[in-house]
Structure formats: C-alpha cells, structure tokens
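The residues making up each chain are set out below.
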Amino acid sequence: MRGLDGAPEWPSLRALLPDLAGKRVVDLGCGFGWFCRWARTQGAAHVLGLDVSAKMLGRARAMGADPGIEYERADLETLALPPATFDVAYSSLAFHYVENFAALLATVHRALVPGGKLVFSVEHPIYTAPAHPGWVVDAEGRRTWPIDGYRVEGPRRTDWLAKGVVKQHRSIGTTLNLLIGAGFTIAYVDEWAPSEAMIQARPELAEERERPMFLFVTVGRSA
Ligand SMILES: C[S@@+](CC[C@H](N)C(=O)[O-])C[C@H]1O[C@@H](n2cnc3c(N)ncnc32)[C@H](O)[C@@H]1O
C-alpha cells in the first residue's frame, strides 16, 4: 500500500491545505487514516478521524498508535460534532457517498471555528454521472467517456471494485450551491486531471487526459 504518495492527485490536494501546525483537524471518511497520520507529521495538535467502516478504522488503528489521533466510528449522513471545535476539516473521496450533503455541510460549518477551512475532494461528476460508467470505443477506434444524465442527480449504483456501491451524483453547480447555502465562502475549485509531466512519469494515466478525475474544493467559514 503506497498511501497518500501513491495517489497522483495528492500533491495538488495537499497544496490546498492551510498550515496544520497546532491545528485541530477532523478527517471525514478517513479510511485507513493516511491523512490523519500525515497531518500529525505537519504538526497538527489533534486529529479526529471519522469513518462509518469499523474495518477501515481497525486498519487505521493498527497502522500506529498516536495520542494525538482519535479514530471514531461515525456515519456522515447523521454526523453530530461539537460547535466551533476544529480549525480544519478535510475529506478525501468520501462526500460522494453522502446523500444528505446539505445536513453534513451545516454540521461541518458549525463545527469549524470562525476562519476555519474545509478542504475536500470528490470524484468529478463526469465520473459519477453515467448510469454505466466506462469508456466507449467508436467505429474509428477513438475512446470516449459518455456522459449520461448529468442533470439527473441522485444515487448511481456501480460495480467497479466492489459490487453495488452507491454514489451520489451531484452536478458541480449543486455542490457549490450547497456549500454557499451552508454559509461557506468558496476559495478555490479545481477540476483535477493529470499533467503531461505526470503522464510521462506514469503512462497508465494517459487515458485520464480525457476528463477530470476529481473535483477539489476549498471553502472557509467567515472569521
Ligand atoms: C474512497 S475511501 C477514501 C478513504 C480516505 N479518505 C482516503 O482518501 O484514503 C471512502 C471512505 O469513505 C467512507 N465512507 C463512505 N460512506 C460513509 C459515511 N456515510 N460515513 C462515514 N464514512 C463513510 C468509507 O468507509 C471509506 O473509508
């Protein structure tokens, strides 16, 4: 397992994070806890890693004990957090599993201190839109990524990696408007795709040139 460094998008996502030294951080959908541990190496005072999966949390705990990291089982659909407790909220590739995103954003906004930041990545909606995600090869052998029902938002069932995984498809407009509705100020939006230099280094990423893989967003709670 290569952790954060195995993810080609990590340097770009990392660049969106504020200085974590002395900060109280929450990682929403922390998985194996890679980010929680990295945040501590950056000087974070305390990191709360939340995930719905006991199995993921078990693996995270087994990867190293640290009194500055707390892992807790929590469902982001019904999350409760104490108000004005965190300087930074972070989430990588978990929000597209959450149906009640408006409620989660309201909770996160309340849980941040004034001036606090939320930085997150989700699968780009070009990925979550098609009813049957995948490449199509046309008569000339060109591979294209069909967009099917971009405007039809809601659950999409996929059988990629695991069978019957349900992701919530939201357009970029909906995601940004939900953030604005929760009271956040949008600071930065990135539709991430690998650069030419990355493709040179990892040729298997070449097909990702076709469309952005991820949506990264940085928002803040007003001071
Ligand atoms: C693709 S993994 C990403 C894990 C980690 N953030 C990373 O980037 O390595 C998605 C994670 O979100 C978690 N997750 C999915 N739905 C969730 C929910 N409703 N509440 C909490 N965690 C959830 C999964 O258990 C999984 O660990």
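The coordinates are above.
Let me begin by describing the structure that accompanies this report.

Definitions and cut-offs
- Going along each chain's sequence as written, the residues are numbered from 1 onward.
- Reporting of local features is limited, given that this is a predicted model, to residues whose pLDDT is at least 70; pairs of side-chain atoms are given and counted only at 80 or more, and all residues count toward the totals for whole chains, interfaces and linings.
- Each side-chain value is worked out from all heavy atoms of the structure, with water and hydrogens disregarded.
- Any carboxyl oxygen of Asp or Glu within 4 Å of a side-chain nitrogen of Lys or Arg constitutes a salt bridge here.
- Every helix listed is a DSSP run of H or I at least four residues long, and every strand listed is a run of E at least two residues long, numbered separately from the N terminus.
- To sort residues, take the accessible area from a 1.4 Å probe on protein chains only and compare it with the maximum for the residue type: under 20% means buried, over 50% means exposed, and anything in between is partly exposed.
- Pairing between strands requires that DSSP locate at least two bridges from one strand to the other.

**Some words on the pattern of salt bridges**
(1) Moving on: A full pass over the atoms with the stated rule returns five salt bridges.
(2) Moving on: For Asp-87, the salt bridge goes to Arg-24, with nearest N and O atoms at 3.2 Å. You can see Asp-87 sitting in strand β4 (residues 86–92) and its partner Arg-24 sitting in strand β1 (residues 24–28), a full 63 residues away along the chain.
(3) Moving on: On the basis of relative accessibility, which here comes to 34%, the residue Arg-24 falls in the partly exposed class.
(4) Moving on: Arg-40 is the partner of Asp-66 in a salt bridge, and the nearest nitrogen-oxygen pair spans 2.9 Å. With a gap of 26 residues between them, Asp-66 in the loop between α3 (54–62) and β3 (69–73) and Arg-40 in helix α2 (residues 34–41) connect regions that are remote in the sequence.
(5) Moving on: Using a relative accessible area of 22% as the deciding quantity, one classes Asp-66 as partly exposed.

**Some details on the pairing of β3**
(1) Moving on: As judged from the five bridges shared by strand β2 (residues 46–51) and β3, these two strands associate in the parallel manner. Each residue of the ladder has a partner; that of Asp-51, found in β3, is Arg-73.

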